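# Breakdown of the fold
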Amino acid sequence: MPVDALLFDKDGTLFLFEATWESWAHAVLLRLTDGDIGRARLIGRDIGYDVDAQSFQRNSVVIAGTPSQIVAELRRHVAYSAEALETLLNEEAAVAPQIEAVALAPYLASLRARGLKIGVATNDAERPARAHLEAAGVTNLFDFISGYDSGYGVKPEPGPCLAFAAATGIAPDRVAMVGDSLHDLHAGRAAGMKTIAVLTGLASERELAPYADIVLDDIGHIPGWLDAAHS
């Protein structure tokens, strides 16, 4: 069955995860604690982030959780309302540094030239997601952009995947969900889509392979896989 559309996760897939979110977590924790490194370490441990090493634990809520789930963890430590804290997280997310997994503008343009529909489904909020895509100059190349607050649900549930299929008019079994986490792959499988895993996040090939039709080093290898699959 050919692939007519690709639905991408954002962080760890279009953009390298560690470069973006380690910087974000550090900035958030220092902002919440007014630079108190001891308190920042304590809160960091609770969300699976090592302030001194500036790295995440593999089970960190930040890796696959939504901003509202991260808020629930952080509110145990700070006197912020959920709304104020979520606003702070999204403000820092919108300005977090983004390193593209591949040069996105020409890459995405080449996918469109193949006649493929392309979309983004992230568990980040839609507003910072759009800010990241706009900064990369690629927003107009997507047919669909969904965040956790866009009304379609969150991965690993299939809602965002099915919304993309409906928005593009393409049957789910002709769509491939592309992501770096089990949440991405489970969502794609639940929607009846093909699944492509990439190794630009924190999960290993061993973790991802059982739930993926193919595991690739990064999204740049997808055109070659499409050519081989359709030859």
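So, here's what we can say about the structure. Note that the structure is a prediction, hence the values are computed from the model and not measured.

## Quick word on the packing of aromatic side chains
For the structure on display, the rule yields six aromatic pairs. Each ring, one from Phe144 and one from Tyr152, has its centre 5.6 Å from the other, and the planes form 40°; the classification is tilted. Since its relative accessible area comes to 38%, Tyr152 is described here as partly exposed. A network of ring pairs unites the aromatic residues Phe17, Tyr49 and Phe56 as a single cluster.

## Side note on the sheet that holds strand 1 (residues 5-8)
Reading across the sheet, the six strands line up as 5-4-1-6-7-8 and stay open at both edges, with parallel pairing between neighbours. Looking along the sheet, the strands with just one partner apiece sit at the ends: strand 5 (144-146) and strand 8 (214-216). In this sheet, adjacent strand axes meet at a mean angle of 20° when their direction is disregarded. Across four bridges, the pairing between strand 1 and strand 4 (residues 117-121) is parallel. In the strand pairing of strand 4, Ala5 is matched with Lys117.

## Points about the nonpolar core
Across soluble globular proteins, you tend to see nonpolar side chains buried next to one another. Within the largest apolar cluster, 28 residues are counted, with the highest numbers of intra-cluster contacts made by Leu6, Phe8, Leu108, Phe142, Ile219 and Ile222. Every element with two or more residues in this core is listed here: strand 1, helix 6 (104-113), strand 4, strand 6 (175-179), strand 7 (194-198) and helix 11 (222-230). In terms of residues, this core owes the most to one element, helix 6, which gives four residues. When neighbours within four sequence positions are excluded, Ile219 is seen to be in contact with Phe8, Thr13, Leu14, Val102, Leu104, Tyr107, Val178 and Val198. Judged by nonpolar contacts, the second largest core, of 24 residues, contains Val28, Ile43, Leu89 and Ala93.

## Side note on the packing of helix 4 (residues 67-74) against helix 5 (residues 82-95)
Close contact between helix 4 and helix 5 brings their axes to 10 Å; oriented N to C, the two are set at 120°. In terms of orientation, helix 4 and helix 5 fall into the oblique class. The way helix 4 lies across helix 5 gives a crossing that is right-handed. Listed contacts from helix 5 to Pro67, Ser68, Ile70, Val71 and Leu74 of helix 4 are Ala82, Leu85, Glu86, Leu89 and Asn90. Residue composition of the contact of helix 4 with helix 5, grouped by class: seven nonpolar, two polar and one charged.

What counts, and where the lines are drawn
- Residues numbered from 1 in each chain as written.
- Predicted model: local features only at pLDDT ≥ 70, side-chain atom pairs only at ≥ 80, totals over all residues.
- Heavy atoms only, no water.
- Phe/Tyr/Trp six-rings, centres within 6.5 Å; stacked < 30°, edge-to-face > 60°.
- Buried < 20%, exposed > 50% of the residue type's maximum accessible area, 1.4 Å probe, protein only.
- Pairing = 2+ DSSP bridges.
- Helix = DSSP H or I, 4+ residues; strand = E, 2+ residues; numbered from the N terminus.
- Axes fitted to C-alpha atoms, helices over the stretch in contact; angles between N-to-C directions.
- Core = buried A, V, L, I, M, F, W, Y, C linked by side-chain atoms within 4.5 Å.
- Contact = heavy atoms within 4.5 Å.
- Parallel < 35°, antiparallel > 145°, perpendicular 65-115°, else oblique.
- Left-handed = near helix turned anticlockwise from the far one by under 90°.
- Nonpolar A, V, L, I, M, F, W, Y, C, P; charged D, E, K, R; others polar.

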